[in-house]
Amino acid sequence: MKKKGLTAVAVSVLSLSTILPGTVNAESTETHSDHAQTDHDKRPPHPVFTWGHPGPSSAVVHEGSIRGAGMMSQPLEQMDRAIQNAIEDKVMPGAVVLIARKGTIAKQEAYGYAARYRDGTFAKMDEPVKMQKNTLFDIASISKLFTTTAAMILYEQGQFELDDPVAKYIPAFAQNGKSEVTIRQIMTHTSGFKPWIPLYTMGDSRKERMQMVFSEPLQNEPGTNYTYSDLNMITLGALVERLSGQRLDAFVQDHITKPLGMKNTMYNPPASLKHRIAATEYQPQTNRGLVWGQVHDENAWSLDGVAGHAGVFSTAKDLAIFAHMMLQGGQYKGTRILKPETVDLLAKNQIPQFSGDDHGLGWELNQGWYMDALSGKHTMGHTGFTGTSIVVSPKNDTIAILLTNRVHPTRDTVSTNGIRRQVARLTADAIPVAIPGKGKERAWFSGYGSDSVKTLTAKVNIEQQATLSFETWYRTEDSYDYGVIEGSEDGKRWTTLGERVTGNSGDWLTKKVQLPANTKLIRFRYETDHSVNGRGWYVHHLKLSHADGTISEPKLKSDSWTLRNY
């Protein structure tokens, strides 16, 4: 499977292929290529903490400057318009975004409304509630990360091994062919469970419904398929309760949220906090009316609001603390929640046999459909059905959190995947790429796009074979977005020169291609498929080595690539 979630209705989004503020239009760059700094500003053109080199990290999440976070302001400013566009397109009524790097919050903003509608007809409230930075959200399936963390605390205590059968600790789970299903398999969604059952229509109590999950038969043989299933995490939550002797909410509070100081993270928030909670769906099917202050997920609701797959309410700041704990190897502000080696287990792809469904223990890995340009084999994250998402990049010590109430007042709305990708992409774009040179250099940058073709062209007029050399840096969606270098004698027929560029260059590379005799034009062509982007393609320091030993520098022009210093 190539990209989960990409079949949903597309969002009308802000084009990211346009020139970013602060970059230079390609047509105007030929005569201003030195880009000298003004005398009154001797600072480097971008922060010193560039892509892949975040520098020292704070022990705590704290407010600070964009530059102090090692980021650029223009892409983060663009995020405002992108989110507002999504609100105007009724993707969601409101949102909170938090972007942090090295523990420094570079951006935290609230948009739109936390509660706006009375029912599923979009009838507006007389007194709608504005979204605030400290609004609590039902984070839906992001709750699974708390369940997995809770389980791994017990793992560290020696209470189980990952490849132990679940039935060793919950004997009732052995029913209907599940006796060999392991704890690792339920953490990685390879147990064989079907995705979901309407548990809320079954049984009369939390205890009865748990037993129904334990007795549920498998859809596939254990270990043979990846199928994302809430039943896995309901089971894992039950395992935490069985081994700890505490209900899941009490264990999470005692061992995770309270030690971390996450005062705004809880199951079943009290009625006194309703004014700070984002409303979710109008649910006639459960006879609850507008769900506001209770868990949205029907099955979690039927399990008294405490379940392994859903039920947690939290704020953007609290989730940033939780994510920063992971980036800090399991500790925060001197308080250790997990050992570094346990964090490594959580963040390691446990199921390489299921390509494209990379999964740690609880955490999803390298999922471009919402991580976009922050994607990488070590990038962790999760989404929630209510419209929430979190992306954590260890490579860049960066956290991107987008919390929305997209199911308010109905789940039958436009997919949030488009705005999720935009937030991740603009976060990635705000992390500068170090351009080789003395601090005043600019490189040609491909930008981003969806189903786009972008070309960067130069006239060369070569009579004899010559060698083109250039420096390049790229991070593209491997095998789907790619770049090629081409030559032409007439501008109509083009020949590919050298291998195409795709995937990850790592650092800057020097590449050389041979230009045939009579080449009149060369071009760099960047093609993107639908939706997902990497951090892009950079080209720098072009030189032509001619047959007579002379060297020249082609003058490039483009109406789609840009020159930029980050």
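This brings us to the overall build of the protein. The helix and strand tally for the protein stands at 11 helices and 26 strands. Relative to the 2.2 N^0.38 estimate, which gives 24 Å for 566 residues, the radius of gyration of the protein is 26 Å and therefore close to what a compact globule would have. With respect to the three principal axes, the spread of C-alpha positions in the protein is 85 × 55 × 45 Å. Looking at the 566 residues of the protein, the share that counts as buried comes to 58%. When the accessible surface of the protein is summed, it comes to about 22500 Å², and 47% of that surface belongs to carbon and sulfur atoms. Charge-centre separation for the protein: the mean point of 62 positive side chains lies 3 Å from the mean point of 59 negative side chains.

The subject of this paragraph is helix α11 (residues 417–429). A rise of 1.5 Å per residue sets the reference length of α11, with its 13 residues, at 18 Å; its end C-alpha atoms lie 18 Å apart and thus fit the reference within 8%. Counting buried residues along α11, 13 of its 13 residues qualify, which places the element largely inside the surrounding structure.

Its location among the elements puts Thr-182 in the loop between α2 (143–156) and α3 (183–187). Those residues in contact with Thr-182 that lie beyond four places of it in its chain are Leu-162, Asp-163, Asp-164, Pro-165 and Val-166.

As paired strands, strand β19 (residues 482–488) and strand β20 (residues 494–501) are joined by 5 bridges and run antiparallel to one another. In the strand pairing of β20, Gly-483 is matched with Val-501. Where β19 folds back onto β20 in an antiparallel hairpin, the turn is made up of 5 residues, including Gly-491, whose phi is positive at roughly 80°.

Our next topic: the packing of α2 against helix α5 (residues 230–244). Running from amino to carboxyl end, α2 crosses α5 at an angle of 40°, the nearest separation of the two axes being 9 Å. The way α2 lies across α5 gives a crossing that is left-handed. Contacts between α2 and α5 pair Lys-144, Thr-147, Thr-148, Ala-150, Ala-151 and Leu-154 from the former with Asp-230, Met-233, Leu-236, Gly-237, Val-240, Leu-243 and Ser-244 from the latter. Here the residues of the contact of α2 with α5 sort into 7 nonpolar, 4 polar and 2 charged.

It is worth spelling out the pattern of salt bridges at this point. Counted by the stated rule, this structure contains 17 salt bridges. The residue Glu-241 makes a salt bridge to Arg-206 at a minimum N-O spacing of 2.8 Å. Taken together, the residues span a long stretch of sequence, with Glu-241 in helix α5 and Arg-206 in helix α4 (residues 206–215) at a distance of 35 residues. For the pair shown, Glu-241 and Arg-206 are each scored as buried. With a shortest N-O distance of 2.8 Å, Arg-247 and Asp-249 are connected by a salt bridge. Ionic contacts of the salt-bridge type, sharing partners, join the residues Glu-486, Arg-523, Arg-525 and Glu-527 into one network.

Formed by 89 residues in total, the largest nonpolar core has its most connected members in Phe-146, Phe-160, Met-187, Leu-260, Phe-322 and Ile-401. The element contributing the most residues to this core is helix α8 (residues 316–327), with 9 residues. One finds Ala-86, Val-91, Ala-373 and Leu-402 within the second-largest nonpolar core, a separate group that totals 39 residues.

Quick look at the packing of aromatic side chains now. Here the structure, examined in full by the defined rule, presents 15 aromatic pairs. Considering the side-chain rings of Phe-146 and Phe-322, the 4.4 Å spacing of their centres and the 20° angle between planes classify their relative orientation as stacked. Within this pair, whereas Phe-146 is found in helix α2, its partner Phe-322 is found in helix α8, the two being separated by 176 residues in sequence. Phe-322 shares its class with Phe-146; the two are buried. Between the aromatic rings of Phe-322 and Trp-363, the centroid separation amounts to 6.3 Å while the plane-to-plane angle is 10°, which identifies the pairing as stacked. Taken as a pair, Phe-322 in helix α8 and Trp-363 in the loop between α9 (340–347) and β12 (364–365) lie far apart in primary sequence, 41 residues in all. Assessed through its relative accessible area of 1%, Phe-322 is described here as buried. Of note, Lys-178 hangs over the ring of Phe-173, and the distance from its end group to the ring centre comes to 4.9 Å. A cation sits over an aromatic face here: Arg-523 above Trp-494, 3.9 Å from the ring centre.

Taken in spatial order, the 3 strands line up as β5-β9-β6 in an open sheet, and their pairing is antiparallel. What marks the edges here is a single partner per strand, and that holds for β5 (137–138) and β6 (266–267).

Structurally, Asn-232 can be placed in helix α5. Note: C-alpha distance between Asn-232 and Ile-186 (46 residues apart in sequence) is 4.8 Å. Excluding residues that lie within four positions of it along the chain, Asn-232 makes contacts with Gln-185, Ile-186, His-189, Ser-191, Phe-193 and Thr-227. Among the polar contacts made by the side chain of Asn-232, one reaches the side chain of Ser-191 at a distance of 2.6 Å.

This paragraph deals with the sheet that holds strand β22 (residues 521–527). If you walk across this open sheet you meet the 5 strands as β20-β19-β22-β17-β25, and the pairing is antiparallel. Because the sheet does not close on itself, it has two edges, and the strands there are β20 and β25 (556–557). Where strand β17 (residues 453–459) lies against β25, 2 bridges are found, and the strand directions are antiparallel. Counterpart to Ala-458 in the pairing with β25 is Leu-556.

With that settled, the discussion passes to helix α1 (residues 73–88). End to end, α1 covers 24 Å across 16 residues, agreeing with the expected 22 Å (1.5 Å per residue, within 8%). Within α1, burial applies to Gln-74, Pro-75, Leu-76, Gln-78, Met-79, Ala-82, Ile-83, Asn-85, Ala-86 and Ile-87. Considering only its buried residues, α1 is in contact with β2 (94–101), β3 (104–117), β15 (398–404) and α11. Just past α1, the residue Lys-90 takes up positive phi, approximately 60°.

A cis amide bond, omega 5°, links His-408 with the succeeding residue Pro-409. Examined against the element boundaries, Pro-409 turns out to sit in the loop between β15 and α11. Here the phi dihedral of Phe-122 falls at roughly 70°; this positive angle occurs in a residue that is not glycine. Within the element layout of this structure, Phe-122 appears in the loop between β3 and β4 (124–130). The backbone phi angle of Asn-366 is positive, close to 55°, even though this residue is not glycine. Here Asn-366 is to be found in the loop between β12 and α10 (368–371). Taking relative accessible area as the criterion, Asn-366 reaches 31% and is therefore assigned partly exposed.

What counts as what
Counting of residues starts from 1 at the beginning of each chain's written sequence and follows it residue by residue. Reporting in this predicted model follows two pLDDT cut-offs: at least 70 for local features of residues, and 80 or more for side-chain atom pairs to be given and counted; totals over whole chains, interfaces and linings ignore these cut-offs and use all residues. Each side-chain value is derived from all of the structure's non-hydrogen atoms; neither hydrogens nor water enter the calculation. A helix here means a DSSP run of H or I that spans at least four residues, while a strand means a run of E at least two residues long, and both kinds are numbered starting from the N terminus. Using C-alpha atoms as the atom set, the radius of gyration is obtained and then compared with a globule rule of 2.2 Å times the number of residues to the power 0.38. For each residue, the accessible area found with a 1.4 Å probe, counting protein chains only, is set against the maximum for its type, and the residue is called buried under 20%, exposed over 50%, and partly exposed in between. Every accessible area reported is derived by Shrake-Rupley at a probe size of 1.4 Å, with residue values counting cover from the shown protein chains alone. Positive charge is attributed to Lys and Arg, negative charge to Asp and Glu, and no charge count is given to His or to the chain ends. Charged side chains are reduced to one point each, which is NZ for Lys, CZ for Arg, CG for Asp and CD for Glu. Take the residue count of a helix, subtract one, and multiply by 1.5 Å to get its expected span. Residue contacts are defined here by distance: any two heavy atoms, one from each residue, within 4.5 Å place the two residues in contact. Strands are treated as partners if at least two bridges between them are detected by DSSP. Orientation is described by axes fitted as lines to C-alpha atoms, over the contacting stretch for helices, and by angles from 0 to 180 degrees between their N-to-C directions. By definition, turning the near helix anticlockwise from the far helix through less than a right angle yields a left-handed crossing, and turning it clockwise yields a right-handed one. Note on residue classes: Ala, Val, Leu, Ile, Met, Phe, Trp, Tyr, Cys and Pro are nonpolar, Asp, Glu, Lys and Arg are charged, and everything else, Gly too, is polar. Any Lys or Arg side-chain nitrogen located within 4 Å of an Asp or Glu carboxyl oxygen qualifies as a salt bridge. What we call a nonpolar core is a set of buried Ala, Val, Leu, Ile, Met, Phe, Trp, Tyr and Cys residues that are connected through their side-chain atoms within 4.5 Å. Whether two aromatic rings pair depends on their centres lying within 6.5 Å, for rings of Phe, Tyr and Trp, where Trp uses its six-membered ring; planes under 30 degrees apart make the pair stacked, over 60 edge-to-face, and the rest tilted. A positively charged side chain is recorded as over a ring if its NZ (Lys) or CZ (Arg) lies within 6 Å of the ring centre. The angle to the ring normal must also be within 35 degrees. Any pair of nitrogen or oxygen atoms within 3.5 Å is treated as a polar contact; in protein, a donor-acceptor pairing is required on top of that, and neighbouring residues in sequence qualify only through side-chain atoms on both sides.

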